[in-house]
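Summary of structural features
These are the residues of each chain, in order.
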Amino acid sequence: MFDKILIANRGEIACRVIKTARKMGIKTVAIYSDADRNALHVEMADEAVHIGPPPANQSYIVIDKVMEAIKATGAQAVHPGYGFLSENPKFAQSLAAANVTFIGPPVGAIESMGDKITSKKIAQEAGVSTVPGYMGLIEDADEAVKISQQIGYPVMIKASAGGGGKGMRIAWSDEEAREGFQSSKNEAANSFGDDRIFIEKFVTQPRHIEIQVLADAHGNCIYLNERECSIQRRNQKVVEEAPSPFLDESTRKAMGEQSCALAKAVGYASAGTVEFIVDGDRNFYFLEMNTRLQVEHPVTELITGVDLVEQMIRVANGEPLSITQDDVKINGWAIENRLYAEDPYRNFLPSIGRLTRYRPPAEEATETAVVRNDTGVFEGGEISMYYDPMIAKLCTWAPTRADAIEEMRIALDRFELEGIGHNLPFLAAVMDHPKFTSGDITTAFIAEEYPDGFQGVELNEAELRRIAASAAAMNRVAEIRRTKISGRMDNHERRVGDNWVVSLQGEKFAVSVAADANGSTVTFEDGASLRVEGDWTPGMMLADMTVDGAPLVMKVGKITGGFRIRNRGADLKVHVRSPRQSELALHMIEKLPPDTSKMLLCPMPGLIVKVDVEVGQEVQEGQALCTVEAMKMENILRAERKGVVSKINAAAGDSLAVDDIIMEFE
Amino acid sequence: MKDILQELEDRRGMARLGGGQKRIDAQHSKGKLTARERIELLLDEGSFEEFDMFVAHRCTDFGMENQRPAGDGVVTGWGTINGRMVYVFSQDFTVLGGSVSATHAQKICKIMDMAVENGAPVIGLNDSGGARIQEGVDSLAGYGEVFKRNIQASGVVPQISVIMGPCAGGAVYSPAMTDFIFMVKDSSYMFVTGPDVVKTVTNEVVTAEELGGASTHTKKSSVADGAFENEVEALSEVRRLVDFLPLNNRDKAPVRPFFDEPGRVEASLDTLVPDNPNTPYDMKELITKLADEGDFYEIQEEFAKNIITGFVRLEGQTVGVVANQPMVLAGCLDIDSARKAARFVRFCDAFEIPLLTLIDVPGFLPGKSQEYDGIIKHGAKLLFAYGEATVPKVTVITRKAYGGAYVVMSSKHLRGDFNYAWPTAEIAVMGAKGATEIIHRADLGDSDKIAQHTADYEDRFANPFVAAERGFVDEVIQPRSTRKRVARAFASLRNKKAQNPWKKHDNIPL
């Protein structure tokens, strides 16, 4: 076995590999750029080598620099993680030339699977199901109809030079095929000056399901079942699970066996992933093969009990696989949620900055539940602009899918993350979405269910009551503490009442709180009562409560007259008032937030570089209004609609915060 | 007997109705509460004891003799906030527009006198159309009496003003002399001369809101210390502030039970100061991570943001915090920030509230406008305030402490009790680049040499150890253990006794 390996990566995956290497008694070498000087993977590794400035193309993906680090530290093998150099055949070749083992597949496999057309051809030859289609030139509409009939409807008619949906038609019948061919051709000619058209099967209700394979250098290959990764946003995976709620045993077997056939066809030896697109009738078609460890590999590990990184290292060391296909079982259900530094309320705009608070839920593993969090960050660390915005991969496992989802909901509630915008509330919303919980998902889930972006979650009355009861009980604790201040008038102390009115999400609940040594019984006006228990004290940012025995974990902040409570993707202002306060509060005028539709707001903290318009000027939709420099990038802000500029509040050189008003329109 | 008791109740009922239901409804429709409702929200439930409910004015001019409402437009008395005594007056806009008559003023004076005698804060809820014109000079005399008591009470008991409606003309000067002024957004304004007069005199057209609304006074003029969304929130926040304040100048800062570990380690503070000395960071993160339960009551949040002032608790006891904010103007001192901090420091010193100073200051803001407007005298206010303060003073230098600004900010030389520095501290006359260009003027043409000299200067002075060698810094501490070190420092200073020489009063450069 190797004595020392270098991890040619950063972030969570570098940390992940280090963990397994350490378990196996292998020393580790980290590499780091200037931006990662204080990074977690540097701290965790036995040695660390600085390899250059922050941009990856000057550090992590510069083969020479990585080779130097290998030479300097005497590492015998390199784990590339994912991304960066992981699928770069030149890197694998350089390693081979230097007599250093690449913990990954042979160069040939990387090369042949790295090319879309070649890989599809090899897959077809290996008997792998591919999307039926006709790649040749199509002469006229008649031929298009004939081909469409051969493929079977529905079909997608596409411009060869196409992109962005232009020159693309879906046809469900001969007429539509005829019509679609003509309009695609015209559009393609106009848009791209190239009217070549091809036709392929249109996959309805597509799901992204992939097979994990593991092969050794001795000709053994097994599949470790599938992962479903249909919850994606713009091709970026967000939620993954294993197994898929959709596959049946025969489909799984067919997909697994075809994947192994492909792996064998290219002489694969390592962990790899064969991605498929699966339609509503469980027809599956090959997409591509990833010749590396996938981001979402933990869900496979959780249901199979196989440490994929360990297997990769052993295979690279020339060992034959110690497990056979029969050993591979599906044990329970695992879900992964990817936490991104992207603000879901701002159309998932990347957010960078300091993690002022980062407290993931405790990792645990019992018979009935596992919580695993793969991360490369720490409280006080920085999310930089240079790399992938992924903060952590939170995984849960339980015997059933429903339990795994429930574990995930609580783990998300417990995950404390402050200082940057992040997608925790969005993930919580997905975990509660009926289509997700029923497993009725496609790759269009996010686009279809959140067509106008994410606006937060509205809780139902039962959920609101649980929070209201907890808030009333918590408020009582805080108010009683306030009465214990020094300097009180003896015998005239304040008595904290039992009756409170809790208002949240536009609802109001009059409650009465009866506290005892173990908690509080909170009774509502209609006579229903909830038992609240938990050891929350003022200042705690996480309230770990139970309501009628069921866990309720809330992030708690202080606002005037109450709490800010975040739970299950909802972000609530919860006011707890005495009945009299509540009565008088009715006179307060609800101040509507200013109408921002006629304003240009600064979308990110940044510096105004240039203002392109003047007061009184009429602007057209799409016209450039000003330029904001943020994250060292110049962002041009454009008019959303036609209008006349009525006021400009910022000038070049001003540094603005998020939501500062740059200009207003009439 | 029963009839007599009934008459009392009837009279009380009349008095409580103030200006009548119609006016009360009008007040409510503007999102405003009545004088008595406000008191209910300010004080502990059922704790209000009223004075002078039946006082009526004595004016007989302009038909006023026919209009003598009980209470005369102001409700006064005392009650408790979380069991601690406070005096309160609350002007009643529904009664003669809350206008100030001689008797109205007398009622206010009565509770102010009692507050000073009994050592309890005075809270004024202002909602008044101004002087009662029918009374003429009697009304002005009334104001004068109130002003005098504001001055007498200053530094004896905390005085808090909440502006909940109009406050114009001479009336503004009573709140102006209190310790804190809070406003309610969109429904309160303060100015010496209103929009009409402004238009007549200067031809300037301006709305009341622009001239003296909450935004103007919290962001531009710094007259107000804070503004709140509505009256319910404003009164709730005043209760919260009172929990931080001692009742009078002989009292210690209050203590209440706390749910936070004094020795709590915050590892993330080790990375608060960025590697690049010119990169800003948010000093509020340090404040909230030091404070008990992360609770920080900021004063003048919207004004001179390059310095932060406010109250926290350490081990349950109130501490005043002054901190440079590197996020704004690099945290430098200028006229506004020096004035803001000086006033806060003097409040804390007057009321025995210990002071915590967090320093990252690159110096004073240079420039013509600063010099023309008198940065010398304004900067001296802060220097003076720190120098004369005898309360416990603990200081942490997180990064830059350059030049005169270093001395000003609660340095050892100004009787700082504990002066800590983080390892990232740089205590020097100025930044390395500037210093090098002066010391090595001859080498200015040679960029290599200058770079070398700069590096040498950085090695020598861009650290806390030169100051530590001289004892100007008592100890260099780990950022992560700052809360523990600071809390222990204050604990050790609980019996501190320091005095200034006898004087009638000092002559701070106003």
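To start, this report covers the structure provided alongside it. Please read all numbers here as calculations on a predicted model, not as lab measurements.

Our focus in this paragraph is unusual backbone geometry. With an omega dihedral of -5 degrees, the bond running from Y153 of chain A to P154 of chain A counts as a cis peptide bond. In the segment running from A242 of chain A into P243 of chain A, the intervening peptide bond is cis, with an omega of -5 degrees. Of note, P243 of chain A is situated in the loop between β12 (236-242) and α9 (249-265). In this model, N203 of chain B sits at a positive phi of 65 degrees, which is unusual for a non-glycine residue.

Before going further, it helps to examine the packing of aromatic side chains. Taken as a whole and assessed by the stated rule, the structure comprises 29 aromatic pairs over all chains. Relative to Y387 of chain A, the ring of Y386 of chain A has its centre 6.1 Å away and its plane inclined at 55 degrees; by these criteria the two rings are tilted. The exposure class of Y386 of chain A is partly exposed, given its relative accessible area of 29%. Feature note: the residues F180, F182, F228, F244, Y297, F311, F344, F347 and F351 of chain B constitute an aromatic cluster, connected by ring pairs. When the ring centre of F246 of chain A is taken as reference, the NZ or CZ atom of R282 of chain A above it lies at 4.4 Å. The cationic tip of R313 of chain B hangs over the ring face of F244 of chain B; the distance from NZ or CZ to the ring centre is 3.8 Å.

Moving on: the sheet that holds strand β26 (residues 507-516) of chain A. With antiparallel pairing, the eight strands of this closed barrel are ordered in space as β25-β26-β27-β28-β29-β30-β31-β32 (chain A). Here the average twist between neighbouring strands, direction ignored, is 35 degrees.

A separate point is the side chain of R227 of chain A. Residue and element names in this part refer to chain A. Residue position: R227 is located in strand β11 (residues 221-233). A relative accessible area of 0% means that R227 is categorised as buried. Within the structure, the side chain of R227 is placed 2.9 Å from the side chain of T273, a separation counted as a polar contact. Reaching out from R227, the side chain makes a polar contact with the side chain of T300 at a distance of 2.7 Å.

Our next topic: the environment of R566 of chain A. All names here are of chain A. Relative to the elements of secondary structure, R566 occurs in strand β31 (residues 562-567). In this structure R566 comes out as buried when scored by relative accessible area, which is 19%. Distance in space between the C-alpha atoms of R566 and I420 is 16 Å, their sequence separation being 146 residues. Beyond its immediate sequence surroundings of up to four residues, R566 is in contact with E418, V553, M554, K555 and D571. Polar side-chain contacts of R566 include one of 2.6 Å to the side chain of E418.

What follows covers the interface of chain A and chain B. In this complex, chain A contributes 36 residues to the contact, which on the side of chain B involves 44 residues. Of the roughly 3,400 Å² buried between chain A and chain B, counting both surfaces, carbon and sulfur atoms make up 54%. Here chain A and chain B share six salt bridges between them. Here D186 of chain B ties to K591 of chain A by a salt bridge, and the two come within 3.2 Å at their closest N and O atoms. Taken together, chain A and chain B are joined by 18 residue pairs in polar contact (both at pLDDT 80 or more). Elements supplying a minimum of two residues to the side of chain A that touches chain B: α16 (461-482), β32 (570-577) and α17 (579-585) of chain A. Per element, the largest residue contribution to the side of chain A that touches chain B is four residues, and it comes from α17 of chain A. Here the side of chain A that touches chain B is composed, by residue class, of eight nonpolar, 16 polar and twelve charged.

Below, the discussion takes up a nonpolar patch on the surface. Together, M1, I4 and L5 of chain B line one region of the surface with nonpolar side chains, adding up to about 370 Å² of accessible area. Looking at where M1 of chain B falls in the secondary structure, it is placed in the segment before α1 (2-16).

This paragraph deals with the packing of helix α16 (residues 432-439) of chain B against helix α17 (residues 447-461) of chain B. Angle between the axes and distance between the axes are the two parameters that describe a pair of packed helices. Residue and element names in this part refer to chain B. Taken N-terminus to C-terminus, the directions of α16 and α17 make an angle of 120 degrees; their axes are 9 Å apart at the nearest point. Here α17 runs oblique to α16, going by the angle between their axes. You can see that α16 and α17 cross each other, and the crossing is right-handed. Contacts between α16 and α17 involve A432, K433, A435, T436 and I439 on the former and, on the latter, I450, H453, T454, Y457 and E458. Residue composition of the contact of α16 with α17, by class: five nonpolar, three polar and two charged.

Attention now moves to the nonpolar core. With 66 residues, the main nonpolar core has I160, F311 and L382 of chain B as its most contacted residues. No other element matches the seven residues that helix α12 (residues 335-350) of chain B contributes to this core. Counting residues in hydrophobic clusters, the runner-up holds 38 residues, among them L355, I391, M431 and F454 of chain A.

Residues and elements named next belong to chain A. Closest axis-to-axis distance for the helix α3 (residues 63-73)/helix α4 (residues 89-97) pair is 11 Å, and the angle between their directions is 30 degrees. As far as their axial angle goes, α4 and α3 are roughly parallel. As for the relative orientation of α3 and α4, their crossing is right-handed in sense. Facing α3, whose interface residues are I63, V66, M67 and I70, α4 presents K90, F91, S94 and L95. Among the residues forming the contact of α3 with α4, the class breakdown is six nonpolar, one polar and one charged.

Residue and element names in this part refer to chain A. Spatially, nine strands are ordered β14-β13-β10-β11-β12-β15-β23-β21-β20 in an open sheet, and the strand pairing comes out antiparallel. Among the strands making up the open sheet, the edge pair consists of β14 (284-290) and β20 (364-365). Sheet topology note: the strand β15 (residues 333-340)/strand β23 (residues 390-398) ladder contains eight bridges and is antiparallel. By the bridge assignment for β23, N337 is matched with L394. This element, α9, spans β10 (207-215), β11, β13 (271-278) and β14 of the sheet and lies at about 110 degrees to β11.

Our focus in this paragraph is the environment of V172 of chain B. Residue and element names in this part refer to chain B. Within the fold, V172 resides in the loop between β6 (166-168) and α6 (173-176). Expressed as a C-alpha distance, the spacing of V172 and V192, which sit 20 residues apart in the sequence, is 6.7 Å. Other than its neighbours up to four places away in sequence, V172 contacts C167, M190, F191 and V192.

Quick look at α1 of chain B now. For α1 of chain B, spanning 15 residues, the distance from its first C-alpha to its last is 21 Å, which sits close to the expected 21 Å at 1.5 Å a residue. Where α1 of chain B ends, the next residue or the one after it, G18 of chain B, has phi of about 55 degrees, a positive value.

Time to look at the pairing of strand β25 (residues 499-504) of chain A. Here is the key point about a regular strand: its side chains alternate between the two faces of the sheet. For β25 of chain A, the buried fraction is high: five of the six residues fall into the buried class. Hairpin connection, β25 of chain A to β26 of chain A: the antiparallel pair is bridged by two residues, and Q505 of chain A has positive phi, about 50 degrees.

So, about empty space enclosed by the protein. Residue and element names in this part refer to chain B. Inspection of every chain in the model, using the stated rule, returns six cavities of 30 Å³ or more. Estimates place the volume of the largest cavity at around 120 Å³. In terms of lining, the largest cavity is formed by 14 residues, of which the most central are Q91, V100, N126, Y143 and A171. At the level of elements, β3 (84-91), α4 (102-118), α5 (137-153), β6 and α6 are the ones that each hand at least two residues to the lining of the largest cavity. Taken together, the residues that form the lining of the largest cavity break down as ten nonpolar, four polar and no charged. Taken as a whole, the second largest cavity encloses approximately 60 Å³ of empty space.

Calculation rules
Residues numbered from 1 in each chain as written. Chains lettered and ligands numbered in written order. Predicted model: local features only at pLDDT ≥ 70, side-chain atom pairs only at ≥ 80, totals over all residues. Heavy atoms only, no water. Helix = DSSP H or I, 4+ residues; strand = E, 2+ residues; numbered from the N terminus. Phe/Tyr/Trp six-rings, centres within 6.5 Å; stacked < 30°, edge-to-face > 60°. Buried < 20%, exposed > 50% of the residue type's maximum accessible area, 1.4 Å probe, protein only. Lys NZ or Arg CZ within 6 Å of the ring centre and 35° of its normal. Pairing = 2+ DSSP bridges. Axes fitted to C-alpha atoms, helices over the stretch in contact; angles between N-to-C directions. Polar contact = N/O pair within 3.5 Å; in protein donor to acceptor, adjacent residues only side chain to side chain. Contact = heavy atoms within 4.5 Å. Buried area = accessible area lost by both parts, 1.4 Å probe. Salt bridge = Lys/Arg side-chain N within 4 Å of Asp/Glu carboxyl O. Nonpolar A, V, L, I, M, F, W, Y, C, P; charged D, E, K, R; others polar. Patch = residues over 30% accessible without salt bridge, like charges linked within 9 Å, V, L, I, M, F, W, Y side chains within 5 Å. Areas by Shrake-Rupley, 256 points an atom, 1.4 Å probe, with all protein chains shown as cover. Parallel < 35°, antiparallel > 145°, perpendicular 65-115°, else oblique. Left-handed = near helix turned anticlockwise from the far one by under 90°. Core = buried A, V, L, I, M, F, W, Y, C linked by side-chain atoms within 4.5 Å. Expected span 1.5 Å × (residues − 1). 1 Å grid on protein atoms, 1.4 Å probe; cavity = no way out; pocket = protein on both sides within 12 Å on 5 of 7 lines; lining within 4 Å. Points joined across faces, edges and corners; volume = space filled by probe spheres on them.

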